[in-house]
Amino acid sequence: MAAYFVWHNRIHNAEKMQEYVSKALETLAPYHPEVVVLDEHSQVVEGNAPWPRTIVIKFDSRDTAMAWYNSPAYQEVLPLRLAATEGFSVLVDGFVPPGP
C-alpha cells in the first residue's frame, strides 16, 4: 500500500531551505518517490492552520518511506530543514477501497 509523507510548514530561513532542497532531492532518488503536492500557499478550508506550505510525497510503502527518512543520507541533511522551517509532518497510508 502506498504511503504519503505530508509536511505543513513555514520557511523562516530561505538560504538554509535552498541548501536542504538540493541535498534532500538527491537522497530521495534511490526510493523512487513521487512529489504529489508542493504548494507554497495552501488554502485553509476548515480550522486554523498557521503554516501556508504543504508538501506531499508518495512512496510505494510505509517501509520505503521510513527507510528513506531514517537513511544516513537523509538524516545528514534533515537538520537543515529543521533549522529552516517551523511546522510538522505526518506519514499516512493510502486508501485501498474494499473489494466487491
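1. Re the layout of surface pockets
- When its volume is computed, the largest pocket comes out at roughly 250 Å³.
- Forming the boundary of the largest pocket are 15 residues, of which Tyr20, Val21, Leu38, Ile55 and Ile57 lie nearest the centre.
- Every element with two or more residues in the lining of the largest pocket is listed here: strand S1 (3-11), helix H1 (14-28), strand S2 (34-39) and strand S3 (53-59).
- Among the elements that take part in the lining of the largest pocket, H1 stands out by supplying six residues, more than any other.
- Among the residues making up the lining of the largest pocket, the classes are represented as 12 nonpolar, one polar and two charged.

2. Side note on unusual backbone geometry
- Of note, His32 is a non-glycine position whose phi angle comes to about 50°, a positive value.
- As for its position among the elements, His32 is in the loop between H1 and S2.

Quick notes on the rules
All residue numbers refer to positions counted from 1 along the written sequence of the respective chain. Local features are withheld for residues below a pLDDT of 70 in this predicted model, meaning they are given only at 70 or higher, and side-chain atom pairs are given and counted only at 80 or more; totals for whole chains, interfaces and linings count all residues. Side-chain numbers come from the whole structure's heavy atoms, not from hydrogens or water. For each structure, a 1 Å grid was placed over the protein atoms alone; sets of points admitting a 1.4 Å probe that cannot get out are labelled cavities, open sets with protein on both sides within 12 Å along at least five of seven lines are labelled pockets, and lining residues have an atom within 4 Å of a point. Grid points are joined across faces, edges and corners, and a volume is the space filled by probe spheres set on the points. Starting at the N terminus, helices and strands are each numbered in turn, a helix being any DSSP run of H or I of at least four residues and a strand any DSSP run of E of at least two. Three classes are used, and their members are as follows: Ala, Val, Leu, Ile, Met, Phe, Trp, Tyr, Cys and Pro are nonpolar, Asp, Glu, Lys and Arg are charged, and the others, Gly among them, are polar.

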